[in-house]
Amino acid sequence: MTVPPTEHAPAQPGAVPPPGCPAHIADGPGGATRLYGPAAETDPMGLYEKLRAAHGPVAPVLLDGDVRAWLVLGYLENRDVASRPTQFSRDPRVWHGWRSGEIDPATSPLIPMIGWRPDCVCADGEEHQRLRGAVTAGLDQFDHRGVRRHITRFAHQVIDTFCENGEAELVEQFTEAVPMLTLSHLLGMSDEDAPRLVHAARDLFKATETSLASNAYVLECLEKLVAEKHARPGHDIASALLAHPAGLTDEEVQHHLRLILLAGYETTANLMSNVMRMVVTDPRFRGSLAGGQMTLPEAVEQVLWDEPPLMVCPGRWANGDTTLGGQQIKAGDMLLLGLAAGNVDRTIRPDSATPVHHNRAHLSFSAGTHECPGQDIGRIIADAGIDILLTRLPDIALAVPEESLSWRSSTWARHLTALPVTFAPRPPQSDDLPAPLPAPPPQSNGRPVPPPRPVSAPGTARGPEPRASWLTRLRRLLRGR
């Protein structure tokens, strides 16, 4: 990649700070801006706008370790890159950085996000169609009403763990818990394995020294899940991928489960946190919901425009030399889709204060052939979960000053760390809810597979042991026990 010369910057007086100015604190080799570190973590949207002012719709940036890339900031440019797979490949092996030694695959925290994997995200053409077809079939096997029924039960059970207290921390106790329970159920994971697995998956987005270890743990757990589903298939995504006519290998199934877990949990948990923050901090937003001017699904779309759960999407790699947004892109260059920056591009949103809740043309689920296939399930989790929370706790209010809220940011996402709220204490009610419809039993040679027998851990006695109720185990999980 070549850093663009100064003539690519717009001729606006004062748009680019002079050398030595504190605004250059995030600059790295060649004058490219670091997309990691304090500036990116504290105010990513402000950083995007500085890049846009200095370079236009495509800007040179540096990832962790000063790895060079282009950040696509313009809405139209993002759609252009996402919609031209022959020019901008999804296969990271195209990147020239592997050959130049720009990155150490054994130690770089970027590997879990930009490394090649045998999944549909890293494939183009017919191979992409083969793999994505299996993923789509695995997701489409669930009737949306049935999924909503499971979410309804999970949401009530989660709310029951704190509704009597009159206070809660919504991020850990609700907006992370509901997607975790729903996705673990859909993937076919056990209740015991799900929490640590999902939290390790989320760690991958932080691009820290623990990312590689977390990635290894996720893959190890999913390898175990694939083996279990070979022996005892069920009504879940893992079993559907194994049985799909595309003939996915165990490794391909494992990596697609990783993909669904990463994309589904991170984005849905962030989306729910962002919506609930708007509900408890913005009276106009809440008033529009309460007054019927905006439905909850429309509120979700508005937040997807303004605060996409995934801010930067890796990555695309140029198959040949080209021009994009006034920049000279060289063959093998890495490009990052700036989803958050594209959503506020003044080319398509001259006034960001104008409501766009009726419009689904945002970039929050990417675009083109690699647009997120599970976005509807994510929307259902957010819509149903938040609707139940606001129905049961209509007087929910922020418990701390709004300015005390904080975020944890990485190159890829911005995550609200906590959302403390208060409300009038209310009694639990999930025991009064009807049980969810059971999944059809898995078949083997025309006969139902018997339920699995409990397996004792190595070195423990095999005698019978009473099992805590589902609600008790859920409460222990949310208390971190």
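Throughout this document, residue positions are counted from 1 along each chain, in the order its sequence is written. Under the rules for a predicted model, residues below a pLDDT of 70 receive no local features and side-chain atom pairs below 80 are neither given nor counted, while totals for whole chains, interfaces and linings still include all residues. Side-chain measures here rest on the full set of heavy atoms in the structure, leaving out hydrogens and waters.

Caption draft 1: Just helix α17 (residues 375–392), in detail. For helices the rule is a DSSP run of H or I covering at least 4 residues; for strands it is a run of E covering at least 2, with both sets numbered from the N terminus onward. Take the number of residues in a helix, subtract one, and multiply by 1.5 Å to get its expected span. When the terminal C-alpha atoms of α17 are compared, their 26 Å separation across 18 residues agrees well with the 26 Å that a helix rising 1.5 Å per residue should span. To sort residues, take the accessible area from a 1.4 Å probe on protein chains only and compare it with the maximum for the residue type: under 20% means buried, over 50% means exposed, and anything in between is partly exposed. Counting buried positions over the 18 residues of α17 gives 14, a clear majority of the element.

Caption draft 2: View of the sheet that holds strand β1 (residues 33–34). By this definition, two strands are paired if DSSP reports at least two bridges between them. If you walk across this open sheet you meet the six strands as β1-β2-β3-β9-β6-β4, and the pairing is mixed. Of all the strands in the sheet, just β1 and β4 (88–89) have a single pairing partner and so form its edges. With two bridges connecting them, β1 and strand β2 (residues 58–63) associate as parallel partners. Among the inter-strand pairings, R34 is bridged to a residue of β2, identified as L62. Contacts were defined at the residue level, with two residues in contact if any of their heavy atoms lie within 4.5 Å. Structural elements are reduced to axes, namely lines fitted to C-alpha atoms, with helices fitted over the stretch in contact, and the angle between N-to-C directions of any two is expressed from 0 to 180 degrees. Most of the contacts of helix α2 (residues 44–55) go to β2, to which it runs at about 130°, and overall it touches β1, β2, β3 (67–72) and β6 (312–318). Contacts from helix α3 (residues 75–82) reach β2, β3, β4, β6 and β9 (334–338) within the one sheet, and its direction differs from that of β9 by about 125°.

Caption draft 3: Local environment of the pairing of β6. In terms of burial, β6 is a largely internal element, seven of the seven residues being buried. Both β4 and β6 contribute to a ladder of two bridges, which runs antiparallel. Across the sheet, F88 pairs through a bridge with A318, a residue of β6. Where β6 lies against β9, five bridges are found, and the strand directions are antiparallel. Bridging from a neighbouring strand, V312 pairs with G338 of β9.

Caption draft 4: Fine view of the pairing of β9. A large share of β9 lies buried, amounting to five of its five residues. Of the two faces of β9, the one holding M334, L336 and G338 and the one holding L335 and L337 are both buried throughout. Where β3 and β9 come together, three bridges link them in parallel fashion. When the bridges of β9 are listed, W70 appears paired with L335.

Caption draft 5: Empty space enclosed by the protein, seen in detail. Here the term cavity refers to a set of points on a 1 Å grid, laid over the protein atoms alone, in which a 1.4 Å probe fits but cannot get out; the term pocket refers to an open set having protein on both sides within 12 Å along at least five of seven lines, with lining residues being those that place an atom within 4 Å of a point. Grid points are joined across faces, edges and corners, and a volume is the space filled by probe spheres set on the points. Per the stated rule, a full pass over the model turns up three cavities of 30 Å³ or more. Each pocket or cavity is described by its volume, and for the largest cavity that value is around 770 Å³. Every residue lining the largest cavity is counted, 46 residues in all, and those nearest its centre are V121, L259, A263, G264 and C372. Within the residue set of the lining of the largest cavity, elements represented by two or more residues are α5 (111–114), α6 (125–140), α9 (177–187), α13 (250–281), β6 and α17.

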